[in-house]
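Residue strings, one per chain:
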Amino acid sequence: MTQINNLDKYKKKYDENGFVSPIRIISSEETKKHRATLENTEKVLGNMHYQSKIHTILKSAYELATNKNILDMVEKVIGPNILLHNTTYIIKEPQSPTFVSWHQDLTYWGFSHDDQISVWLALSSADEISGAMYMIPGSHLEGKKEHKTIEDENNVLFQSQWVQEFDESKKTLCSLKAGEASFHHGWTIHSSMPNKSNDRRIGFNIQYLATHVKQLKNNTDTAICVRGVDNYNNFGIDMPADSDDLNSATIAKQKKLQEKYKSIVSSRN
Ligand SMILES: O=C(O)CCC(=O)C(=O)O
């Protein structure tokens with residue numbers, strides 16, 4: 001089993017730069033299994049790009065989101081009591097123009113505190129050609145930046161938000177082999193370019209919060225405690241999937257959760 005050593009070293013890098021990458025999470029064999037689950041699901045449900053709360057319909061997604069290596073690193077950053085808020089596949093098809101504009105995750109999410117961390121686990125290789133993420137080191141220390149709305153049909157982001165004022169010359173590529181992950185802070189400015197490769201670029205994105213964080217935009221938001229204890233109960237509770245067999249009742253619930261999730265992250269107040 002893959003095990004992370006050097007958690008303290010990774011945490012130091014994370015604190016300095018606002019991200020740490022790459023960290024090996026699972027073997028390439030395990031990664032293939034999770035990719036196959038996603039792609040078998042797509043044969044039934046269609047393209048799964050940017051669907052929310054996937055861990056409520058696929059056990060594979062819940063297994064990844066509760067992976068010990070990931071949670072050990074998350075705990076180092078946000079402490080022992082951890083909520084899983086969202087999981088989503090971010091997929092760029094081969095030779096596709098889709099990209100992600102420079103942004104900070106926390107801008108429109110409505111959270112009371114910034115004790116949040118994003119994990120991006122590669123289910124296929126992510127590099128300069130296939131459209132891996134770029135990060136701006138140290139940008140998490142500068143707080144919230146102004147985002148402009150610049151509509152572009154190829155931008156993956158719900159609000160087409162775009163940070164304009166920052167030093168792009170500092171950008172650092174986070175190349176990942178399948179089964180490796182990057183971890184980034186909610187104020188770290190990041191983006192990604194189109195996929196010019198012949199394979200799908202598949203990221204599995206996972207969002208965690210410390211249990212004391214509140215959702216200020218909507219008091220019916222949901223999450224699930226995946227490590228430690230939740231003494232705050234600020235969120236309703238999501239039910240994790242216990243199988244990869246698709247079930248129409250859980251899919252219907254996930255669609256509702258997704259609608260709510262999208263309405264929260266798409267509104268500006
Ligand atoms: O998948 C990408 O290219 C960008 C993902 C992203 O913005 C994020 O994980 O916060």
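As shown above, the structure is provided for reference.
An account of the accompanying structure is given in this report.

So, how was this worked out
- Counting starts from 1 at the beginning of each chain's written sequence and moves along it residue by residue.
- Local features are withheld for residues below a pLDDT of 70 in this predicted model, meaning they are given only at 70 or higher, and side-chain atom pairs are given and counted only at 80 or more; totals for whole chains, interfaces and linings count all residues.
- Think of the side-chain values as coming from all heavy atoms in the structure, minus any hydrogens and water.
- Side-chain atoms within 4.5 Å link the members of a nonpolar core, which is a set of buried Ala, Val, Leu, Ile, Met, Phe, Trp, Tyr and Cys residues.
- Buried, partly exposed and exposed residues are distinguished by accessible area as a fraction of the type maximum, computed with a 1.4 Å probe on protein chains only: under 20%, between the cut-offs, and over 50%, respectively.
- A run of H or I in DSSP counts as a helix once it spans at least four residues, and a run of E counts as a strand once it spans at least two, with each numbered from the N terminus.
- In what follows, residue pairs with any heavy atoms lying within 4.5 Å of each other are defined as contacts.
- Any two strands are treated as partners once DSSP identifies two or more bridges connecting them.
- Axis definition: a line fitted to C-alpha atoms, limited for helices to the stretch in contact. Angles are taken between N-to-C directions and run from 0 to 180 degrees.
- Residues adjacent in sequence count toward polar contacts only when both atoms are side-chain atoms; beyond that, a polar contact is any pair of N or O atoms within 3.5 Å, and within protein one must be able to donate a hydrogen and the other to accept it.
- Aromatic contacts are taken between Phe, Tyr and Trp rings whose centres are within 6.5 Å, Trp giving its six-membered ring; a plane angle under 30 degrees counts as stacked, one over 60 as edge-to-face, and the others as tilted.
- Criterion for a charge above a ring: Arg CZ or Lys NZ at most 6 Å from the ring centre, at most 35 degrees from the ring normal.
- Note that patches include only residues with greater than 30% relative accessible area and no salt bridge, and the join distances are 9 Å for like charges and 5 Å for nonpolar side chains (Val, Leu, Ile, Met, Phe, Trp, Tyr).
- All accessible-area figures derive from a Shrake-Rupley calculation using a 1.4 Å probe, and residue coverage is judged against the displayed protein chains alone.
- Put simply, a salt bridge is a Lys or Arg side-chain nitrogen that is within 4 Å of an Asp or Glu carboxyl oxygen.
- Positive charge is attributed to Lys and Arg, negative charge to Asp and Glu, and no charge count is given to His or to the chain ends.
- Think of each charge as sitting on NZ of Lys, CZ of Arg, CG of Asp or CD of Glu.
- If even one non-hydrogen atom of a residue comes within 4 Å of a molecule or strand, that residue is called near it.
- As defined here, a cavity is a set of points on a 1 Å grid over the protein atoms alone where a 1.4 Å probe fits but cannot get out. A pocket is an open set with protein on both sides within 12 Å along at least five of seven lines, and residues line them when an atom is within 4 Å of a point.
- Think of it this way: a molecule belongs to a cavity or pocket when more than half its atoms come within 2 Å of the grid points there.

So, about the nonpolar core. In this structure, Ile25, Val74, Tyr89, Phe183 and Tyr208 are the most contacted members of the largest nonpolar core, which totals 51 residues. Looking at this core element by element, the count peaks at 6 residues for strand E11 (residues 201-210). Setting aside residues up to four positions removed in sequence, Ile25 forms contacts with Thr2, Ile4, Asn67, Asn69, Ile70, Leu121, Gly179, Glu180, Ala181 and Phe183. Counting 14 residues, the second largest nonpolar core, distinct from the first, contains Tyr50, Val100, Trp120 and Val156.

So, on to the sheet that holds strand E3 (residues 100-103). Pairing is antiparallel in the open sheet, where 4 strands are placed in the order E3-E10-E5-E8. Unpaired on one side and paired on the other, E3 and strand E8 (172-174) mark the two borders of the sheet. With direction set aside, neighbouring strand axes in the sheet form an average angle of 25°. Alignment of strand E5 (residues 133-135) against E8, held across 3 bridges, turns out to be antiparallel. For Tyr134, the partnering residue across the bridge sits in E8 and is Leu173.

You can see Thr220 is positioned in the loop between E11 and strand E12 (222-227). The spatial distance from the C-alpha of Thr220 to the C-alpha of Asn234 is 8.9 Å, given a sequence separation of 14 residues. Within the local environment of Thr220, its side chain forms a polar contact with the side chain of Asn218, the two groups lying 2.7 Å apart.

With that settled, consider unusual backbone geometry. A cis amide bond links Ser21 to the next residue, Pro22, at an omega of -10°. On the secondary structure map, Pro22 appears in strand E1 (residues 19-24). At Asn6, a residue that is not glycine, the phi angle is positive and equals roughly 65°. Under the relative-accessibility criterion, Asn6 is labelled partly exposed at 43%. The phi dihedral of Asn233 falls on the positive side, at around 50°, and the residue is not glycine. Looking at the secondary structure, you find Asn233 in the loop between E12 and strand E13 (236-237).

Summed over all chains, the structure comprises 4 aromatic pairs. Geometrically, the ring pair formed by Tyr89 and Phe204 is tilted, given 5.2 Å between the ring centres and 50° between the ring planes. A residue pair is termed long-range when its members are at least 10 positions apart, and Tyr89 in strand E2 (residues 82-92) and Phe204 in strand E11 qualify at 115 residues. Its end group placed over the ring of Tyr134, Lys171 keeps NZ or CZ at 4.7 Å from the ring centre.

A separate point is a negative patch on the surface. A contiguous patch of negative charge on the surface is contributed by Glu30, Glu63, Asp244 and Asp245. With respect to the helices and strands, Asp245 occurs in the loop between E13 and helix H5 (248-266). Judged by its relative accessible area of 62%, Asp245 is exposed.

The buried fraction of strand E9 (residues 180-185) amounts to 6 of the 6 residues, a majority that puts the element mostly inside the structure. Side chains of E9 alternate between two faces, with Glu180, Ser182 and His184 and Ala181, Phe183 and His185 buried alike. Taken together, the 4 bridges between E1 and E9 define a ladder with antiparallel strand orientation. Across the sheet, Val20 pairs through a bridge with Phe183, a residue of E9.

The next subject is the site of the ligand. Every residue lining the ligand is accounted for by Ile90, Lys92, Val100, His103, Asp105, Trp120, Met133, His184, His190, Ser192, Arg201 and Asn205. Interatomic distance of 2.9 Å between a side-chain N/O atom of His190 and an oxygen atom of the ligand. Asn205 places a side-chain nitrogen or oxygen 2.7 Å from an oxygen atom of the ligand. About the coverage of the ligand: the protein hides 96% of its 290 Å² of free accessible area. In a pocket analysis with a 2 Å cut-off to the grid points, the ligand is assigned to the largest cavity.

Attention now moves to the pattern of salt bridges. Considering all chains together, one arrives at 15 salt bridges under this definition. Ionic pairing is found between Lys76 and Asp8, a salt bridge with its closest N-O pair at 2.6 Å. Of this pair, Lys76 sits in helix H4 (residues 68-78) while Asp8 sits in helix H1 (residues 7-17), and the two are 68 residues apart along the sequence. For Lys12, the salt bridge goes to Glu16, with nearest N and O atoms at 3.4 Å. One end of the pair, Lys12, and the other, Glu16, are both in helix H1, 4 residues apart, so they sit about a helical turn from each other. Three or more residues are tied together by salt bridges with common partners; here these are Arg35, Glu39, Glu42, Glu93, Asp199 and Arg200.

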